[in-house]
Structures are given as C-alpha cells and as structure tokens.
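Descriptive structure summary
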Amino acid sequence: MPNAQHTPVVPLEAGAGPENPPCPACGEPLFGWLSPRPGLRGAVSRCESCGLGVAGEPGEPEEALRELGHRGERPRIANRASFAASLGSAGWAGLEPGAHYLFTVESVRRLVARRDQVVKSRRWAPAASLAATWQTLLNSVTFGHNVALGALGRGEAAKAPEPWQRRIDALATIVLAIPALLIALPVELAGGLTGRGAVITLRLELL
Ligand SMILES: [Zn+2]
C-alpha cells in the first residue's frame, strides 16, 4: 500500500473542544449520537473509547460514580454496548426518561478505578435483557417510548403526546408483542453469549 504512509492519523484527543467535551469515565472526547426528544435530558453523546453515553451535559466523573453508586453493591446497567442499543439506536429501551449516564462495562471499569475498585465479575441478566430488547423492538413502531414496560410496571414510559397516538401505541404493542418477542429471543441470546447482552449485573471489589 504505497499510500499508507500518507494517511493522516488523527488522535482522538484532537477532537476535544467545546463541541466535544471529555468523557467523564475516560477523558476522551464525546461525539454526538442522538438528537434531543421529549423525555430525554438533551442530545445524547457517546464516547468512542469506553462506550459511555451521556444524555444532556456531561458532568464530572464523581457525578457519574454517584449515579452508579445509587444502584447498590452490585450495580445493574442497561448496556450501551449491547446488541439492543446498536440495533435500537434512538429506540433503545435503555434511553429511559431522565437517564443521564448510559453505562458500558468498560466505562464502569474506568470510573470505579478512580476509587480503587475493579469490576470483579459481570453477569448477563437474561430476563431483564430479553424484556429490554423486546421493548427496543416495539419502540421502533410506537410514537411513545418504553410503553410496554411502563404498562407492565417495569420502567418509566415516555407516552406519546396525542390521545390517538397513545391508542395506536397500545394497539401496536398488543398486536406485535408476540412477533417482537420471537425476534428479541435470538437477538438477545446472541448478545448474551457474546458479552453484548442488554442488561448486565456487575460485581465491584476494592483493590
Ligand atoms: Zn469514555
């Protein structure tokens, strides 16, 4: 490849600036991912290095650690590096109303290292993962977001603004519940087996 030596190599840091604030977990610049929509804190950016997603303005690492800390000793994360997140994009069920930090295992690893902790183990949560992937598929056909999980009391829904939209959402959810489940099953099984499951439970340990 005679031209290979002329290929410019731009380090990720070169992308840092007001438009690309540093990732709270690893310090690399964040890049735009999704536009803002009702129910979200703002536009969503993501880190190309550790995978962390940030809805709205990124805060300090301590803030992201606090949000993780609220989830207890064994934090459970909606995995932004999952098949469901890649497949669903703006429809990904992990984009819950009001969510700020959208974690990956790697971003948690980077964050907890700041307080001398390591991710001792990671475990795929099959039932929660299947529900999240199922809901992600349904989100692609509804006006609202996470309508089914909200109705089942398994999360918060961002309902569609108009009554007629909400009626269509309810109908679509009922009619497509089983077909969506039949697609979600193999997708989530493949995700779980390759470390890209939708929901992961982590065990943290002090060094
Ligand atoms: Zn990062």
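Look a little higher up for the structure.
Computed from a predicted model, the values in this text were never measured in an experiment.

**Things to note about the coordination of the zinc ion**
Only Cys23 (SG), Cys26 (SG), Cys47 (SG) and Cys50 (SG) from the protein reach the zinc ion as donors, at distances of 2.3 Å. In this structure, the zinc ion is surrounded by four donor atoms whose angles at the metal cover 98 to 117°, and the resulting shape is tetrahedral. On the basis of relative accessibility, which here comes to 3%, the residue Cys23 falls in the buried class.

**Some thoughts on the pairing of strand β7 (residues 199-206)**
As defined by bridge partners, strand β4 (residues 76-78) adjoins β7 across three bridges and the pair is classed as antiparallel. Residue Arg76 lies in a different strand from β7, and its bridge partner there is Thr201. Sheet topology places strand β6 (residues 117-124) next to β7; seven bridges connect them, and they run antiparallel. The partner of Ser121 across the bridge, within β7, is Arg203.

**With respect to the sheet that holds strand β1 (residues 30-34)**
Reading across from one edge, β1-β2-β3-β5 is the order of the four strands in this open sheet, with antiparallel pairing throughout. The outermost strands of the open sheet, each flanked by one partner alone, are β1 and β5 (101-102). Bridging between strand β2 (residues 44-47) and strand β3 (residues 53-55) involves three bridges; their strand directions are antiparallel. Pairing of Arg46 across the sheet is with Gly53, part of β3.

**Comments concerning the packing of aromatic side chains**
Counted by the stated rule, this structure contains three aromatic pairs. Taking the centre distance of 6.4 Å and the plane angle of 35° together, the rings of Tyr101 and Phe103 count as tilted. For the pair Phe143 and Trp164, a centre-to-centre distance of 5.4 Å together with 75° between the ring planes defines the contact as edge-to-face. Of the two residues, Phe143 is situated in the loop between α4 (126-139) and α5 (147-151) and Trp164 in helix α6 (residues 163-193); the sequence distance between them amounts to 21 residues.

Cut-offs and rules
Residues numbered from 1 in each chain as written. Predicted model: local features only at pLDDT ≥ 70, side-chain atom pairs only at ≥ 80, totals over all residues. Heavy atoms only, no water. Donors = N, O, S within 2.8 Å, 3.2 Å for Na, K, Ca; no water. Tetrahedral: all angles 85-135°; square planar, octahedral: opposite > 155°, others 65-115°. Buried < 20%, exposed > 50% of the residue type's maximum accessible area, 1.4 Å probe, protein only. Pairing = 2+ DSSP bridges. Helix = DSSP H or I, 4+ residues; strand = E, 2+ residues; numbered from the N terminus. Phe/Tyr/Trp six-rings, centres within 6.5 Å; stacked < 30°, edge-to-face > 60°.

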